Amino acid sequence: MIRLINQTRKDNGVSELPVNEALMNAAQACSNRRYTWHHAPEEGQAAAEAG
């Protein structure tokens with residue numbers, strides 16, 4: 001998804017969004033756990049652990 005967004009941004013003369021691998025890994029970990037509530041304490045913890 002990030003690649004598609006950045007390609008669209010690039011095609012429209014806008015700078016690409018930076019990608020933070022630690023936060024991407026935290027997001028994937030939350031997705032793997034199938035959390036159903038956004039901003040749940042577990043999501044915050046995963047982001048904090050990612051740095």
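In case you missed it, the structure is sitting above this.
Caption draft 1: Main features of the overall build of the protein. Helix and strand content of the protein: three helices and zero strands. Scanning the protein from its N terminus toward the C terminus, one meets helices and strands in the order α-α-α. Counting only residues that meet the buried cut, the protein has 10% of its 51 residues in that class. As displayed, the protein offers around 4500 Å² of accessible surface, 54% of which is attributable to carbon and sulfur atoms.

Caption draft 2: Fine view of the side chain of N6. Relative to the helices and strands, N6 is located in helix α1 (residues 2-11). What N6 contacts, discounting residues up to four positions off in sequence, is E16, L17 and V19.

Here is what the cut-offs are and how they apply
Residues numbered from 1 in each chain as written. Predicted model: local features only at pLDDT ≥ 70, side-chain atom pairs only at ≥ 80, totals over all residues. Heavy atoms only, no water. Helix = DSSP H or I, 4+ residues; strand = E, 2+ residues; numbered from the N terminus. Buried < 20%, exposed > 50% of the residue type's maximum accessible area, 1.4 Å probe, protein only. Areas by Shrake-Rupley, 256 points an atom, 1.4 Å probe, with all protein chains shown as cover. Contact = heavy atoms within 4.5 Å.

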